[in-house]
Amino acid sequence: DPNADDATNTLYAKVAIAAFLSQSMQETIRYDACDENNWAQVRYGSPVDYPMNAACGQLGQMYADYGTNPTSGLDHPYSCPRNSKMEITARTHASWYGAPGPMFVVPDAVLMEKGLLVNGNVGAWSNSGHCMVPPEAVDDTVQAWNRKDCEMYVGQKA
């Protein structure tokens, strides 16, 4: 807070770190996941179930905008700046039946080239099929958007 003194801002930072660690530990213990799971579903307000763009923000949130100064538009020192060229896949994911694969970040141009944009928008995870033989190993050096159906994660069933 630019209007607060250093002691107050230090307290804000400590509370933010504590909240982050608490949420991380809760999901790590409960779901055995370090990365965020894709929870975005129509029943929670998402336009589609499990959209591929959930890594950028779920349920109307835009993670890159957290901590942005509304006056200057610049990121505060404690926010995560956006990298529009980043290509990365999460290491963990949910594991319930039909769970979406690991979240990933990639420029739209890459998805367009792969045919993964739907009407100019990112697609959504589909768990309507069935993987006859759940994979026992997956090449996690291959980014998620380049993996074959039923080869997104070990044990995938749909």
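Worth saying up front: this structure is predicted, and the values here are computed from it rather than measured.

Draft legend 1. Region of the structure containing the overall build of the protein. Of regular secondary structure, the protein possesses two helices and four strands. Its helices and strands in sequence order give the protein the pattern α-β-β-α-β-β, from N to C terminus. Across the 158 residues in the protein, those meeting the buried criterion constitute 27%. Contacts in the protein between residues at least 24 apart in sequence constitute 45% of all its contacts with a sequence separation of at least 6.

Draft legend 2. Just the side chain of glutamine 41, in detail. On the secondary structure map, glutamine 41 appears in the loop between α1 (6-31) and β1 (88-89). By relative accessible area, glutamine 41 is classed as buried at 11%. At 2.7 Å, the side chain of glutamine 41 and the side chain of arginine 43 are in polar contact.

Draft legend 3. Structural detail: the nonpolar core. Grouped together as the largest cluster of nonpolar side chains are 13 residues, with contacts concentrated most on Phe104, Val106, Leu111, Trp125, Trp145, Met152 and Tyr153. Not counting chain neighbours up to four residues away, the residues in contact with tryptophan 145 comprise Glu87, Ile88, Thr89, Phe104, Val105, Val106, Val110, Leu111, Lys114 and Leu116.

Draft legend 4. Highlighting a nonpolar patch on the surface. The grouping of Ile17, Phe20 and Leu21 at the surface amounts to a nonpolar patch, some 330 Å² of accessible area in total. Looking at where isoleucine 17 falls in the secondary structure, it is placed in helix α1. In this structure isoleucine 17 comes out as exposed when scored by relative accessible area, which is 51%.

Draft legend 5. Region of the structure containing the confidence of the model for the protein. Averaged over all residues, the pLDDT of the protein is 79; the fraction at 70 or higher stands at 85%. Here strand β4 (residues 121-122) stands out as the least confident element of the protein, with mean pLDDT 71; β1 is the most confident, with 88.

Draft legend 6. Region of the structure containing the state of the cysteines. Scanning the entire structure with this criterion turns up one disulfide. Between the sulfur atoms of cysteine 131 and its disulfide mate cysteine 150 the distance is 2.1 Å. Judged by the sign of its S-S torsion, about -90°, the bond between cysteine 131 and cysteine 150 is left-handed. Within this pair, whereas cysteine 131 is found in the segment after β4, its partner cysteine 150 is found in the segment after β4, the two being separated by 19 residues in sequence.

Draft legend 7. Quick look at the packing of aromatic side chains. Enumeration according to the criterion identifies one aromatic pair in this entry. Measuring from ring centre to ring centre gives 5.3 Å for phenylalanine 104 and tryptophan 145, while their planes differ by 50°; the resulting arrangement is tilted. Pair noted here: phenylalanine 104 is in strand β2 (residues 104-105) and tryptophan 145 is in the segment after β4, with a separation of 41 residues, a long-range link. Accessibility classification places phenylalanine 104 together with tryptophan 145 in one group, the buried group.

Draft legend 8. Molecular detail of the pattern of salt bridges. According to the stated counting rule, one finds one salt bridge in the structure shown. Close ionic contact of arginine 91 with aspartate 140 constitutes a salt bridge, the shortest N to O distance being 3.3 Å. Here arginine 91 is found in the loop between β1 and β2, whereas its partner aspartate 140 is found in the segment after β4, with 49 residues between them in sequence. We classify aspartate 140 as partly exposed; its relative accessible area is 43%.

Draft legend 9. Broad picture of the side chain of glutamine 156. Looking at the secondary structure, you find glutamine 156 in the segment after β4. One polar contact links the side chain of glutamine 156 to the main-chain amide nitrogen of glutamate 151, over a distance of 3.5 Å. Of note is the side chain of glutamine 156, whose polar atom sits 3.2 Å from the backbone oxygen of alanine 158. The residues contacting glutamine 156, other than those within four sequence positions of it, are Trp125, Cys131, Pro134, Pro135, Cys150 and Glu151.

Conventions we followed
Each residue is numbered by its place in its chain's sequence as written, counting from 1. The predicted nature of this model means local features are confined to residues of pLDDT at least 70 and side-chain atom pairs, given and counted, to a pLDDT of 80 or more, with totals for whole chains, interfaces and linings taken over all residues. With hydrogens and water excluded, all non-hydrogen atoms of the structure serve as input to the side-chain values. The way it works is that DSSP assigns letters per residue, a run of H or I at least four long becomes a helix, a run of E at least two long becomes a strand, and they are numbered from the N terminus. Buried means the residue's accessible area, taken with a 1.4 Å probe over protein chains only, is under 20% of the maximum for its type, while exposed means over 50%, and partly exposed covers the values in between. Contacts between residues were defined by any pair of non-hydrogen atoms, one from each residue, lying within 4.5 Å. Two N or O atoms count as a polar contact when they lie within 3.5 Å, although within protein this holds only if one can serve as hydrogen donor and the other as acceptor, and sequence-adjacent residues are included solely when both atoms are side-chain atoms. By nonpolar core we mean a set of buried residues, namely Ala, Val, Leu, Ile, Met, Phe, Trp, Tyr and Cys, connected to one another through side-chain atoms within 4.5 Å. Patch construction takes residues with relative accessible area above 30% that form no salt bridge. Like charges are linked within 9 Å, and nonpolar side chains (Val, Leu, Ile, Met, Phe, Trp, Tyr) are linked within 5 Å. Note that accessible areas follow from Shrake-Rupley with a 1.4 Å probe, and for residues the cover is restricted to the protein chains shown. Salt-bridge detection follows one rule: a side-chain nitrogen of Lys or Arg within 4 Å of a carboxyl oxygen of Asp or Glu. One number per residue, pLDDT, summarises how confident the predictor is, and it ranges from 0 to 100. The criterion for a disulfide is a pair of cysteine sulfur atoms lying within 2.5 Å. Pairing of aromatic rings covers Phe, Tyr and Trp, the last counted by its six-membered ring, and requires centre-to-centre distances within 6.5 Å; plane angles under 30 degrees mean stacked, over 60 mean edge-to-face, and any other angle means tilted.

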